[in-house]
Amino acid sequence: MSERYLPAARRSKLVVSELADEVLVYDTEAHRAHCLNRTAALVWKSCDGETPVSRIVERVGGQLSAPVAEDVVWLALDQLAEFDLLLPTAPRPAASSQISRRKMLRRLGITAAVSLPLITSIVSPTAAQAQSDIPCNENTLCPEGRSCIAGLCE
Amino acid sequence: MRFGVRVSEAEALRLLAERLPPGWRRASSTSVDRIFSLVVGGEGRGRGVRRLNLLYAGAARAARSRDLNDLLERFESCVQLYVAEHAPRRVFVHAGVVGWRGRAIVIPGRSRSGKTTLVAELVRAGAVYYSDEYAVFDGEGRVHPYARPLAVREGGSLRQTRRPAEAFGGCAGTGPLPVGLLVASLYERGARWRPRPLSPGEAVLEMLSNTVPARRSPGRALAALSCAAGTAAALAGSRGEAVRAAEAILKSLGA
């Protein structure tokens, strides 16, 4: 069943910037920015819609020059799906139950933490949110995205 | 970028000019990106009648107040935000910035996170003042000065008082600097500055979450901030009193 699951990375309406060991992805629809660590980034790049998970495991292991457990790839896929970085495709196999990063750390041991996938995410601010608070009152209109609370546009 | 300003009384023009962003120049062109109009109030025709001061941004009323200072503050804020969001060749991040030994210390953060207080203490400790409002990045990730006088909140007041860098024993920087250190700190009473290091990607997210044109120009913002983070160390954590945090930050840079 898991061989029939062919995850495909979403590519549209994303701005991607590559750093040395991380990949930054800006979702121009949700206005969220994500930082994928190396493992998460390698899994995401391997999701071409034609490669089964078992092959992604081999590919990522080869690129990290270390054996990678299949659960690690599933954990990355869970996070990528959570942040809408995968295309909605066929349903995932039931056997690939979702597992938390913490549980996986316990299962694989602390030494495996370096290769666990991690995606950090933020909501990008509106222009007015990235500005100092301005004093306001009933006669002064706050900029769009802010409202007058206790004498300040917040 | 070009702004037009119309006033109902000539004297108001001088007051508005004091509120323009640092480095502004007069332009001869009559074509502008945005026009502001200030109608000065005062005594009305009838006895006991006072007209309000009015500020318009384009055709929309931005503020009205009996206190002209309210409008001047709002004018400054509107112009500043417009420049920060629309500047074509710069990326504005809401942050404090100082220069230290030829590199910039950038302190991004939301309003009232303690940026200005920390910047003031760093300047007192010998750093060069760059900004207490915006880190202005070019495409190569260097920070340019936006050295308006520091806006200090005194005695728990919501209104800010402006003080030049010289009032803190320092001076303002003039040229662009590469980033040496990014400090994502939040004031917390009684906290000790024990920061954790951030990866370059996390450092970019910290800056992006305070970037004015993040939504308008995400590609340009990511490119500039990635360049900046590539040359810098980055730390995040809660801090207590600014004096101690400033000492620790400079010490971490070999002071």
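Residues numbered from 1 in each chain as written. Chains lettered and ligands numbered in written order. Predicted model: local features only at pLDDT ≥ 70, side-chain atom pairs only at ≥ 80, totals over all residues. Heavy atoms only, no water.

1. With respect to the overall build of chain B
Okay, so step 1: Secondary structure summary: chain B contains six helices and 16 strands in total.
Okay, so step 2: Scaling as 2.2 N^0.38, a compact globule of 255 residues should have a C-alpha radius of gyration of about 18 Å, and chain B matches this with 20 Å.
Okay, so step 3: With respect to the three principal axes, the spread of C-alpha positions in chain B is 65 × 40 × 30 Å.
Okay, so step 4: Within the span of chain B, comprising 255 residues, buried residues form 51% of the whole.
Okay, so step 5: Taking all contacts inside chain B whose residues are at least 6 apart in sequence as the whole, residues at least 24 apart take part in 66%.
Okay, so step 6: Accessible surface, chain B: about 12,100 Å² in total, of which carbon and sulfur atoms supply 49%. (Helix = DSSP H or I, 4+ residues; strand = E, 2+ residues; numbered from the N terminus. Rg over C-alpha atoms; globule rule 2.2 N^0.38 Å. Buried < 20%, exposed > 50% of the residue type's maximum accessible area, 1.4 Å probe, protein only. Contact = heavy atoms within 4.5 Å. Areas by Shrake-Rupley, 256 points an atom, 1.4 Å probe, with all protein chains shown as cover.)

2. Things to note about the sheet that holds strand 3 (residues 32–36) of chain A
Residue and element names in this part refer to chain A.
Okay, so step 1: The antiparallel open sheet is built from four strands, whose spatial order is 1-2-3-4. The open sheet has two edge strands with one neighbour each: strand 1 (14–18) and strand 4 (119–123). Across the sheet, the mean angle separating the axes of adjacent strands is 15 degrees when strand polarity is ignored.
Okay, so step 2: Here strand 1 runs beside strand 2 (residues 23–27); their pairing, made up of five bridges, is antiparallel. Each residue of the ladder has a partner; that of V16, found in strand 2, is V25. (Pairing = 2+ DSSP bridges. Axes fitted to C-alpha atoms, helices over the stretch in contact; angles between N-to-C directions.)

3. Concerning the interface of chain B and chain A
Where interface size is given, it is often the accessible area lost as the parts come together that is meant.
Okay, so step 1: With 36 residues of chain B at the interface, the matching set in chain A holds 38 residues.
Okay, so step 2: Carbon and sulfur atoms make up 59% of the area that chain B and chain A hide from each other, which totals about 3,200 Å².
Okay, so step 3: Counting the contacts that link chain B with chain A gives zero salt bridges.
Okay, so step 4: Counting only elements with at least two residues in the side of chain B that touches chain A, the list comes to strand 6 (60–65), helix 2 (68–86), helix 4 (200–208) and helix 5 (218–230) of chain B.
Okay, so step 5: Tallying contributions element by element places helix 2 of chain B first for the side of chain B that touches chain A, with seven residues.
Okay, so step 6: Broken down by class, the residue content of the side of chain B that touches chain A amounts to 13 nonpolar, 11 polar and 12 charged. (Buried area = accessible area lost by both parts, 1.4 Å probe. Salt bridge = Lys/Arg side-chain N within 4 Å of Asp/Glu carboxyl O. Nonpolar A, V, L, I, M, F, W, Y, C, P; charged D, E, K, R; others polar.)

4. Notes on the nonpolar core
Okay, so step 1: Among the nonpolar cores identified, the biggest contains 35 residues, and V93, V106, A135, F137, V143, M207 and L208 of chain B are the most heavily contacted of them.
Okay, so step 2: Considering every element that reaches this core, the biggest residue donor is helix 5 of chain B, with six residues.
Okay, so step 3: Once residues lying within four places of it in the same chain are set aside, the contact partners of A135 of chain B are V91, F92, V93, A95, V97, V106 and V143 of chain B.
Okay, so step 4: Judged by nonpolar contacts, the second largest core, of 29 residues, contains V23, A41, V57 and I119 of chain A. (Core = buried A, V, L, I, M, F, W, Y, C linked by side-chain atoms within 4.5 Å.)

5. A few points about the packing of aromatic side chains
Okay, so step 1: Taken as a whole and judged by the stated rule, the model has seven aromatic pairs over all chains.
Okay, so step 2: A ring pair is formed by Y5 of chain A and W74 of chain A, whose centres lie 5.6 Å apart and whose planes are at 20 degrees; its orientation type is stacked. With Y5 of chain A in the segment before strand 1 and W74 of chain A in helix 3 (residues 70–82), this pair connects stretches of sequence that are 69 residues apart. The burial state of Y5 of chain A is the same as that of W74 of chain A; both residues are buried.
Okay, so step 3: Judged by centre distance (6.1 Å) and plane angle (40 degrees), the ring pair of F3 of chain B and F36 of chain B falls under tilted. One end of the pair, F3 of chain B, is in strand 1 (residues 3–7); the other, F36 of chain B, is in strand 2 (residues 34–39), with 33 residues separating them in the sequence.
Okay, so step 4: Three or more aromatic residues joined by ring pairs form one cluster here, namely F3, F36, F75 and Y82 of chain B.
Okay, so step 5: Over the aromatic face of W44 of chain A sits the side chain of R11 of chain A, whose NZ or CZ is 4.7 Å from the ring centroid. (Phe/Tyr/Trp six-rings, centres within 6.5 Å; stacked < 30°, edge-to-face > 60°. Lys NZ or Arg CZ within 6 Å of the ring centre and 35° of its normal.)

6. Here we look at the sheet that holds strand 6 of chain B
All names here are of chain B.
Okay, so step 1: Taken together, four strands build an open sheet; the order of strands is 1-2-5-6 and the sheet is mixed. Here the strands that pair on one side only, and so sit at the sheet edges, are strand 1 and strand 6. Averaged over all adjacent pairs, the angle separating strand axes in this sheet is 15 degrees, with direction ignored.
Okay, so step 2: Its contacts with the sheet put helix 1 (residues 10–17) on strand 1 and strand 2, and the angle it makes with strand 1 is roughly 145 degrees.

7. A short note on the packing of helix 1 (residues 38–46) of chain A against helix 2 (residues 53–64) of chain A
Residue and element names in this part refer to chain A.
Okay, so step 1: Running from N to C, helix 1 and helix 2 cross one another at 135 degrees; their axes reach a closest spacing of 10 Å. Relative to helix 2, helix 1 is oriented oblique. With respect to the hand of their crossing, helix 1 and helix 2 are arranged in right-handed fashion. Facing helix 1, whose interface residues are R38, T39, L42, V43 and S46, helix 2 presents I56, R59, V60, Q63 and L64.
Okay, so step 2: Per-class residue counts for the contact of helix 1 with helix 2 are five nonpolar, three polar and two charged. (Parallel < 35°, antiparallel > 145°, perpendicular 65-115°, else oblique. Left-handed = near helix turned anticlockwise from the far one by under 90°.)

8. Quick notes on helix 6 (residues 242–252) of chain B
Residues and elements named next belong to chain B.
Okay, so step 1: Where helix 6 is concerned, the buried positions are A242, A245, A246, I249 and L250. Here the buried residues of helix 6 occupy an arc of 130 degrees about the axis, which is enough to place them on one side. Facing away from the buried side of helix 6, by more than 90 degrees, are the exposed residues R244 and K251.
Okay, so step 2: Among the structural elements, strand 7 (91–100), strand 8 (103–108), helix 3 (115–124), strand 14 (179–187) and strand 16 (233–239) are those in contact with the buried residues of helix 6. (Arc of directions from axis to C-beta.)

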